[in-house]
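The chain contents come next:
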Amino acid sequence: MGPILPPQCRPSFQATVLSVEQALQGGDFATAAERLRLLPTASITVEWDDSNAPSAYRDLYKKSGDAAMAMYKHLFPFLSFQSAKAGQANPDIKISFEPVLAKPPGSNLPASHVGFWSEDPAAPRLDFVIGLSRGAPLKASQETDVYDDVAYCLGMYFGLADAAFESSSMDPSDLPRLTRTGVSGTETSAVRRNMQVVEYLEDAVKNHARLLAVQPSLFLDPLVINSQAVQGDQMEFNVQLSNHGDGPLAFNLFPDCGCTIVTPPGVIQPKAMRLVNIAVDTAAFITGTTKHVAVYTNDPHNPVSVITLNIKIQPRYRILVPLGDTFNIPDGGMKFPLYLIPAKGTTLDPVSATITGPLDAKVKFSPWQGFLPDPEMNEGPKARKGFKFEIDIRGDIPTGRRQATLQIFTANADFPDIAYSINAQKGIVALPDNVQMGSVGAVPKSVRFEVTRPGPPFKILGITSNSRNIEANVVPGTGPNTYTIEVSYNGKAHSGELLAAVRVKTSDPKQPVIDVSVQAIVQ
Amino acid sequence: MKWIAAAIGLAGTMCAIMGGFQAHKPVEIVITGDIDGFLTPCGCTVPMTGGIMRQATLVRQLRKSAEVLLLCNGAFVLGRGKQDDLKARSLAETLGALNVSAINLSPEDARRGIGAVQEIQNLTDNSLVCGSIRPISALPIRTTAVAGPILVGGVSAHPANIALSMGTYPIPEADAVRLLLREAADRSLMPALLLDGSQADARDLAERFPDLRLIVYRSTSDSPLEAEKIGQTLLVTPGQFGKSVIRLSVDGAAFSGYQVVRLNPDLKDDPLTKRFMADYLRSLDASGLLEEMVRRPSRAFAGSKTCGTCHKEAFNLWAGSKHSRAFGSLEVQGHAHDPDCVRCHVVGLDLSKGFRSRQLTPGLAAVGCESCHGPGKDHAARPHAVRLSKAGTEMCSKCHTPEQSPGFNALTMWAVIRHR
């Protein structure tokens, strides 16, 4: 039997290997030697024909092509590239350019490149044509486009099939490229293995060895998996890979996300079946996610298949605050409830709870059940069961806006503590409490902030600024609980950082002034 | 009169050609969103993708050869802490400097309060759009924005969330979409929707409102390589954590050229955005967030050197590992005061006796023995009376999460750090 081909092996490469093996099997060594010449070689002659390219682009394109070849040479030091002269009888690869290539079937974009194989000894083995324009609307091909096309061309020559995901050199997309893409680990292994196969066949032809010509055939089930999980579950799925052919089936699974772990590469013997494992860590997701796993094999008819995993994910717990996240604390203080609702089947019993941060507050909790909505999950009021936390904020907190954290310690080892931020506001506050203007130039610019107190109305008696470049005024029609203040920059500051302070005088004797800093970067 | 009639005739013909929309020269659209606080690519493995500095570079690069409109589907950050505010500010500055055309107001951004929303408006030249809430007098937010040949609307599938945070009333999703479509028809613009909702919500809207031409939805998955189309409505998502953006072309008649652009390291950092990031890091340093960390009560730590006096072999293995230099790597990158980063680069940041600073707790300024085995001072004092638990690969996943260590294989790496 001949050598096992690697996953992500191009069907055309496999067909040629099979033809060599068939000739060897039949003892036709002359034909085997003839077919062997069609396989890639480590010493490659490349004809670069840029006669159709605009003269302004030729140098750029040539450098891009050379850079792609240098990248291949770097990855595979055993390769050598020689330039073939124009019209030389039989270069291994000919790269040329045409204005616009035809659209592939079913695509609304012109092809970015196209490769033609030839078995004519007088013609290049691979005639690779790059479009001078691409995309919709059409644009001139750029340096990165040509680099990626030449890298694709080399992958094609060395027997690589198209990739399932982007970000590798065998991404078959016809869209303009913005960055150079590299050869992935799977592709690197496949090129090395393909070249080992070629060497093996060379020896077999030389030694008149008889090989059995065989081919694997993949059966993969299922291609789509729909599942449900509770956040944090390690979901495991089994997929059946069967080999219905008569040659060993090599496979390599490749996920599109770091949350997915797959069975390492392997080989399935003819007529055998294997369950491969795909594990998804759902900790980072709530509501749902879709992940993909590419299955690369050496089945010439199915070099790449993609398994889709659709997982609906229920959050492990919800914290529901019917009154919202920001609380306006009156003089006497206030109490408000907050609910911890574990998902069904999750034990999340609180052991203790505390409030940390600049608030004088106490918290107590008790088991609870009742009806509550969960707007974030688009759920109206429904029966829920969990724990009620009653937070008691005392009224003598300083004026302004404070943030504190409710910490809930639980007996659940996976969620030992749960933190929730609480915003408490008392008196008159400026929102935001410092004003960023961002980048400003030599033209005037205005931004706004609010001065607000949800309780009793108040008046603004005046506004001053400590900078000659910054002025602030109340926007007419606003008040008496919330005033909008417009801060105007006159466009006359020197470049560098602009720091100013706006002082708002109020009618409240407890808070006669509110200071707000204003910052900008003057370009 | 003939001239006027001819002009009207021509305009009518053009409208017919462009499917009832205003003719427009082709423009490029870049769609971002759900950055979720991931301003820079974070992690222990390379190459990491994402980051607003690369995003800015991409937009500026594209603008060299075409008119580029930038749309953002919101969710600057997920939390409501001080660090979230600083992150959101940097992102708003970046988007403002890139002349963003529209930003959808998401519930996450609204939850940070009216001041935070005002700050986004200030820094992005009032680019927020939201058709899901009744107007607020203190803070006007547009329901739509014109971007080239399209009319962009912002709608939430959870309007009550935004309304609650902004102190107003919600507008049902369907009503908000109808208003967008009506305005688009009146102005002969292509209606595009920035949707705070899932793929299922987007599909539902595409079927109910076939006149929508584009829906940008939110997803916790990566962007699909091929755009989904329902009727004439294109459904796209930039994915999560700002790892990629969507690129489209539009000519006033149709969207084309769908492309997912991964923000990989070949995109160099944009100099102006780098400056915003430097400001962000300076603000973090000044904010003292590490000191304000919420901490759980804990036993005392000993420090890895103390452990090494008995466990010499394990200590030597650790001392030669990247774990022993974990905090130093943050100091080099200027993130030594960033709680998001520091928690995975030191011992016990969230514990009362854990890391404070390199000066105060030098023995804890690394991922040390006690990161996995727990506080060990008692064990060091009475080794046989107080035993520490053994640790396994489950400890790795506390920091080597999918987003911070994509492709991390606990079994392979366990073989590297395994010790007795």
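Asker: Teacher, can you tell me more about the overall build of chain A here?
Answerer: Counting its secondary structure elements, chain A contains five helices and 32 strands. Computed over the C-alpha atoms, the radius of gyration of chain A is 34 Å, more than 25% above the 24 Å expected from 2.2 N^0.38 for a compact globule of 523 residues. Taking the principal axes of the C-alpha coordinates as reference, chain A spans close to 105 × 60 × 40 Å. Residues counted as buried form 53% of the 523 residues belonging to chain A. Intrachain contacts of chain A at a sequence separation of at least 6 include 68% that bridge at least 24 residues. Roughly 23000 Å² of accessible area belongs to chain A as shown, and the carbon and sulfur atoms make up 52% of that amount.

Asker: Is there a simple way to think about the confidence of the model for chain B in this case?
Answerer: Fine structural detail should not be taken from predicted coordinates in areas where pLDDT scores are low. With 90% of its residues at a pLDDT of 70 or more, chain B shows a mean pLDDT of 86. Here the prediction assigns the complex a pTM of 0.74, and the interface score ipTM is 0.74.

Asker: Which parts of the structure should I look at to understand the sheet that holds strand β32 (residues 513–522) of chain A?
Answerer: Hydrogen bonding along the main chain pairs the strands of a sheet, whether they run parallel or antiparallel. Residue and element names in this part refer to chain A. Taken together, the four strands give an open sheet; going across it, the order is β26-β32-β31-β28, and neighbouring strands pair in mixed fashion. Each of the sheet's edge strands pairs with one partner strand only, and the pair in question is β26 (434–440) and β28 (460–465). Sheet twist, expressed as the mean angle between neighbouring strand axes with direction ignored, is 20 degrees. Bridge count between β26 and β32: five bridges; the pairing is parallel. Along β32, the bridge assignment pairs V435 with V518.

Asker: I'm lost on the packing of helix α1 (residues 11–25) of chain A against helix α5 (residues 185–206) of chain A in this one. Help?
Answerer: When two helices pack together, their arrangement is captured by the angle between the axes and the distance separating the axes. Residues and elements named next belong to chain A. Packing of α1 against α5 brings their axes to within 11 Å, and their N-to-C directions diverge by 20 degrees. Between α1 and α5, the angle is such that the two are roughly parallel. As for the relative orientation of α1 and α5, their crossing is left-handed in sense. On α5, the residues that touch F13, V17, V20, E21 and L24 of α1 are N194, V197, V198, L201, A204 and V205. When its residues are assigned to classes, the contact of α1 with α5 shows nine nonpolar, one polar and one charged.

Asker: I'm lost on the packing of aromatic side chains in this one. Help?
Answerer: Where two aromatic rings form a pair, the distance of their centres and the angle of their planes describe that pair. As enumerated under the stated definition, the model contains 15 aromatic pairs over all chains in all. The interplanar angle of 35 degrees and the centroid separation of 5.4 Å between the aromatic rings of Y57 of chain A and Y61 of chain A together place this pair among those described as tilted. In this pair, Y57 of chain A and Y61 of chain A both sit in helix α3 (residues 55–75), four residues apart, roughly one turn of the helix. Judged by relative accessible area, which is 1%, Y61 of chain A ranks as buried. Seen from their ring centres, Y72 of chain A and F76 of chain A are 5.4 Å apart, and the 45 degrees between their planes marks the pair as tilted. Exposure class is identical for Y72 of chain A and F76 of chain A. Each is buried. Site record: aromatic cluster; members linked through ring pairs are Y72, F76, F78, Y157 and F158 of chain A. Seen from the ring of W48 of chain A, K62 of chain A lies directly overhead, with NZ or CZ sitting 5.7 Å from the centre. Sitting above the plane of the Y420 of chain A ring, R80 of chain B keeps its charged end 5.0 Å from the centroid.

Asker: Where do I start with α3 of chain A in this structure?
Answerer: Residues lying three or four places apart along an α-helix face the same way, a consequence of the helix completing one turn every 3.6 residues. Residues and elements named next belong to chain A. Counted at 1.5 Å a residue, the expected span for α3 with its 21 residues is 30 Å, and the 31 Å between its end C-alpha atoms agrees. Where α3 is concerned, the buried positions are Y61, S64, G65, A68, M69, M71 and Y72. The arc that holds every buried residue of α3, seen down its axis, measures 150 degrees, which confines them to one face. Exposed and facing more than 90 degrees away from the buried side of α3 are K63 and H74. Here the buried face of α3 lies against β1 (43–49), β2 (80–84), β3 (93–98), α4 (143–157) and α5.

Asker: Quick question: what am I supposed to make of the pairing of strand β10 (residues 233–236) of chain B here?
Answerer: Every other side chain in a regular strand lies on the same face of the sheet, so the side chains alternate between the two faces. Residues and elements named next belong to chain B. The side-chain alternation of β10 yields two buried faces, one formed by T233 and L235 and the other by L234 and V236. Across three bridges, the pairing between strand β8 (residues 214–216) and β10 is parallel. Looking at the pairing, I215 lines up with L235 of β10. Bridge count between strand β9 (residues 228–230) and β10: three bridges; the pairing is antiparallel.

Asker: What is the right way to look at helix α5 (residues 114–123) of chain B in this model?
Answerer: In terms of residue burial, α5 of chain B counts as a mostly covered element, since 10 of its 10 residues are buried. Within the span of α5 of chain B, buried status applies to I114, G115, A116, V117, Q118, E119, I120, Q121, N122 and L123 of chain B.

Asker: Is there a simple way to think about the side chain of E450 of chain A in this case?
Answerer: Inspection of the secondary structure puts E450 of chain A in strand β27 (residues 445–452). For the buried E450 of chain A, no salt bridge exists, and the shortest N-O distance to an oppositely charged side chain is 6.4 Å, to R448 of chain A. If near-sequence neighbours (up to four positions away) are discounted, E450 of chain A is found in contact with V429, A430, L431, T482, Y483 and T484 of chain A together with I114, Q118 and A138 of chain B.

Asker: I'm lost on the interface of chain A and chain B in this one. Help?
Answerer: As a measure of interface size, the accessible area lost when the parts come together is often cited. Contact residues are listed per partner, giving 56 residues for chain A and 55 residues for chain B. Contact between chain A and chain B buries roughly 4600 Å² in total, counting both sides, with carbon and sulfur atoms accounting for 49%. Our count for the chain A to chain B interface comes out at two salt bridges. Here R296 of chain B and D417 of chain A are joined by a salt bridge, their closest N and O atoms 3.4 Å apart. Where chain A meets chain B, there are nine residue pairs in polar contact (both at pLDDT 80 or more). Of all elements in the fold, only β15 (287–297), β23 (400–410), β24 (417–426), β26, β27 and β30 (482–489) of chain A reach the threshold of two or more residues within the side of chain A that touches chain B. Within the side of chain A that touches chain B, the residues separate by chemical class into 23 nonpolar, 21 polar and 12 charged.

Asker: Would you take a moment to explain the pattern of salt bridges for this structure?
Answerer: Oppositely charged side chains are able to pair whenever their charged atoms sit close together. Here the structure, examined in full by the defined rule, presents 34 salt bridges over all chains. Put simply, K94 of chain A and D49 of chain A hold a salt bridge, and the shortest N to O gap is 4.0 Å. Taken together, the positions of K94 of chain A in strand β3 and D49 of chain A in strand β1 put the pair 45 residues apart, joining distant regions of the chain. Of the charged contacts, one joins R112 of chain B and D85 of chain B as a salt bridge, the two residues approaching to 2.6 Å between their closest N and O atoms. Residue R112 of chain B is found in the loop between α4 (107–110) and α5, and its partner D85 of chain B is found in helix α3 (residues 82–97); the two are separated by 27 residues along the sequence. By relative accessible area, R112 of chain B is classed as buried at 6%. Of the residues examined, D85 of chain B reaches a relative accessible area of 29% and is grouped as partly exposed. Through salt bridges that share partners, D34, E108, D196 and R218 of chain B make up one connected network.

Asker: Looking at this structure, how should I read the state of the cysteines?
Answerer: One covalent bond between the sulfur atoms of two cysteine residues makes up a disulfide. Residues and elements named next belong to chain B. Going through the model one piece at a time under the given rule, you end up with one disulfide over all chains. C344 shares a disulfide with C399; S-S distance 2.2 Å. Handedness here is read from the sign of the S-S torsion; for C344 and C399, about -100 degrees, the answer is left-handed. A residue pair is termed long-range when its members are at least 10 positions apart, and C344 in the loop between α13 (339–342) and α14 (369–373) and C399 in the loop between α15 (377–381) and α16 (410–417) qualify at 55 residues. Counting only cysteine sulfurs, C396 is the nearest neighbor of C372, a cysteine outside any disulfide, at a range of 6.6 Å.

Asker: Would you mind going over unusual backbone geometry with me for this structure?
Answerer: Leaving glycine aside, a negative phi is the common case for residues, and trans is the common case for peptide bonds. Residue and element names in this part refer to chain A. The linkage connecting D221 with the following residue, P222, adopts the cis geometry, with an omega of -5 degrees. Within the fold, P222 resides in the loop between β8 (218–221) and β9 (224–230). In this model, L431 is joined to P432 through a cis peptide bond whose omega is -5 degrees. Among the structural elements, P432 can be located in the loop between β25 (429–431) and β26. Positioned with a positive phi, H208 is a non-glycine residue whose angle comes to about 50 degrees.

Asker: Would you take a moment to explain the pairing of strand β11 (residues 244–250) of chain B for this structure?
Answerer: All names here are of chain B. The buried fraction of β11 amounts to seven of the seven residues, a majority that puts the element mostly inside the structure. Neither face of β11 is open: one carries S244, I246, L248 and V250, the other V245, R247 and S249, and all of them are buried. As paired elements, strand β1 (residues 27–32) and β11 share five bridges and run antiparallel to each other. The residue of β11 that forms the bridge with I31 is I246. Of the pairings in the sheet, the one linking β11 to strand β12 (residues 255–262) comprises six bridges and is antiparallel in character.

Calculation criteria
Residues numbered from 1 in each chain as written. Chains lettered and ligands numbered in written order. Predicted model: local features only at pLDDT ≥ 70, side-chain atom pairs only at ≥ 80, totals over all residues. Heavy atoms only, no water. Helix = DSSP H or I, 4+ residues; strand = E, 2+ residues; numbered from the N terminus. Rg over C-alpha atoms; globule rule 2.2 N^0.38 Å. Buried < 20%, exposed > 50% of the residue type's maximum accessible area, 1.4 Å probe, protein only. Contact = heavy atoms within 4.5 Å. Areas by Shrake-Rupley, 256 points an atom, 1.4 Å probe, with all protein chains shown as cover. pLDDT = per-residue confidence, 0-100. Pairing = 2+ DSSP bridges. Axes fitted to C-alpha atoms, helices over the stretch in contact; angles between N-to-C directions. Parallel < 35°, antiparallel > 145°, perpendicular 65-115°, else oblique. Left-handed = near helix turned anticlockwise from the far one by under 90°. Nonpolar A, V, L, I, M, F, W, Y, C, P; charged D, E, K, R; others polar. Phe/Tyr/Trp six-rings, centres within 6.5 Å; stacked < 30°, edge-to-face > 60°. Lys NZ or Arg CZ within 6 Å of the ring centre and 35° of its normal. Expected span 1.5 Å × (residues − 1). Arc of directions from axis to C-beta. Lys, Arg positive; Asp, Glu negative; His and termini not counted. Salt bridge = Lys/Arg side-chain N within 4 Å of Asp/Glu carboxyl O. Buried area = accessible area lost by both parts, 1.4 Å probe. Polar contact = N/O pair within 3.5 Å; in protein donor to acceptor, adjacent residues only side chain to side chain. Disulfide = S-S within 2.5 Å.

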